[in-house]
Amino acid sequence: MKKLVRGLLTRTFFVAVLALLQVGLIVGLVLWLGARSSWVYLALVVVSVLIVLTMLDRDDINPSYRLMWIAIIVFLPPTGTLFYLFWGQRSVNCAAARRYKASAARGAEALGQDPALLRALAVRHGKLVRCAAYLARHAGAPLYADTLCEYYPLGEAFLPPLLEELSRAKRFIFMEYFIIEGGYMWDAILDLLKAKAASGLDVRVLYDAFGSMFTLPENYADTLRAAGIKCVPFSPVRLSRHVGDYVMLNHRDHRKITVIDGNVAFTGGLNLADEYINRKKRFGVWKDTGLMLRGSGVYSMTVGFLAMWDYLTGSESDFAACAPTLRYASDGFVQPYFDSPLDTETVAENAYLNVLQQAQRYVYIVTPYLIVDNEMLTALRLAARGGVDVRLITPGVPDKWYAYWVTQSYYKTLLEAGVRIFQYTPGFIHAKMYVSDDEAAVVGSANMDYRSLYLHFENCCAFYGGHMVEDVKADLLAAMEAGREVSLADVAHTPLPKQLVQSFLRIFSPLM
């Protein structure tokens, strides 16, 4: 039943349904209106064209995204128009979206940027001030110092410190994840959560109802609540009289956050399932990365979690009561930030573009999915043509064949521009990271695909200077060494049928 429900809620299913409705509409018009059916259908086409003209007049719609929706609207009038109005608009303004925006605004107001830190960053890493200032102004993400950071190159290294810090919790534990699945990893965490809740700690868990649909039993939130753990699934599949609730089904909570006592936080690319720590083999070696923060920088992650919690529960958290109480000396700056799909500010993509645009010597990037828009593709090619050593690391073993084929469809144009591409042949690489010029790095949950950059709630951390940048660089160099470099000769041997399928998939890649 879960597989059926999840299949029925995909956009692929909706496209198929709309195509059938389109056929039914045409047949129905002919049978019902006879000779006048062509005039009625022409009127529907005119309405669709007006919608297309409205899209063309907007500057905030990505060209690739615009092209796909124009094709759907033109070839499927009027059902394609309904699909666009339901799931295609970038800015969502339903009641649910307004509630989230209000909650996020409260969180941003609670966080304030210390101007002295931006000035200090300008002294040590002058060219990166623009990156930090953008996130501070447009993502409500302050820059911090006095924050210790630790990097974990594999899930196996991430779990032990996570369990250790959970066992030390004294006040509260907040966890927010896209996927949770029973097994060694989650069971070990859950035992600690139950014990802490029983001892009186405030333990809260958010999980994405769609992402965890196959991995958790039905009504799992009730099971956790019975154990004393406060739990809310994000956007569960259920009947509603509010149209906005169905619109919100397209926007998933892809974040990965653990906050402990306001002083310690964990994040990265890892969900809470055994493949992420290689206890369960699915696609060879599963390489993912994570990090731990201690100190001031944790506050942004705490507030980000609470803003989501308030949106889902209707409460108003006292952010200051959860502020960090500890400070640490650090060798660099950290800037945790969040992205929401409910506005037109593509924070995650812009943060990546800022790193690319400021790079002078090199940019190394790892992503499990390379399904990018024209802006990102242009920035990658322009940086490489300008003499920057641009390298991409993608999986050698895919988890989704269609995403893998679309990823490979970009190889030729990137290689011709001078970008070097490596496939991680030991298995599937799920990490999402940038590192540049020994000065900047980004680690987080945002893939380089349309879903992460346009449709998901995401969180990342930017690092400026210090050992975190060095650790990320060393890990990416090791991943390249373990993988295989792709050449233009490899791309030239792509079979023609595969090329044709790739071309088709590229048109509809924003749906993936």
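Residues numbered from 1 in each chain as written. Predicted model: local features only at pLDDT ≥ 70, side-chain atom pairs only at ≥ 80, totals over all residues. Heavy atoms only, no water.

It is the contact of helix α16 (residues 401–409) with helix α21 (residues 496–507), at a shortest axis distance of 9 Å, that shows an interaxial angle of 95°. Judged by the inter-axis angle, α16 sits roughly perpendicular to α21. Between α16, through Trp401, Tyr402, Trp405, Val406, Gln408 and Ser409, and α21, the contact on the second element is made entirely by Lys498, Val501, Gln502, Leu505 and Arg506. Looking at the contact of α16 with α21 residue by residue, the class counts come to 6 nonpolar, 3 polar and 2 charged. (Axes fitted to C-alpha atoms, helices over the stretch in contact; angles between N-to-C directions. Helix = DSSP H or I, 4+ residues; strand = E, 2+ residues; numbered from the N terminus. Parallel < 35°, antiparallel > 145°, perpendicular 65-115°, else oblique. Contact = heavy atoms within 4.5 Å. Nonpolar A, V, L, I, M, F, W, Y, C, P; charged D, E, K, R; others polar.)

Attention now goes to the sheet that holds strand β5 (residues 256–260). Reading across from one edge, β1-β8-β6-β5-β2-β3-β4 is the order of the 7 strands in this open sheet, with mixed pairing throughout. Across the chains shown, the open sheet's two edge strands, defined by having one partner strand only, are β1 (147–152) and β4 (230–234). In this sheet, neighbouring strand axes are inclined to one another by 10° on average, regardless of whether the strands run parallel or antiparallel. Of the strands in this sheet, β1, β2 (172–177), β5, β6 (264–268) and β8 (290–295) touch helix α9 (residues 155–167), which is tilted by about 155° from β6. (Pairing = 2+ DSSP bridges.)

Further remarks concern helix α15 (residues 374–385). Taking 1.5 Å per residue, 12 residues should reach 16 Å; α15 reaches 16 Å between its end C-alpha atoms and fits that length. Buried within α15 we find Met376, Leu377, Ala379, Leu380, Ala383 and Ala384. Along the axis of α15, the buried positions cluster into a sector of 160°, meaning they face one direction only. Facing away from the buried side of α15 by over 90 degrees, the exposed positions are Leu382 and Arg385. On the buried face of α15, the contacting elements are α14 (347–358), β10 (362–366), β11 (389–395), α17 (411–417) and β14 (433–436). Between the side-chain oxygen of the N-cap and the backbone nitrogen of glutamate 375 there are 3.3 Å, and the N-cap of α15 in question is aspartate 373. (Expected span 1.5 Å × (residues − 1). Buried < 20%, exposed > 50% of the residue type's maximum accessible area, 1.4 Å probe, protein only. Arc of directions from axis to C-beta. Polar contact = N/O pair within 3.5 Å; in protein donor to acceptor, adjacent residues only side chain to side chain.)

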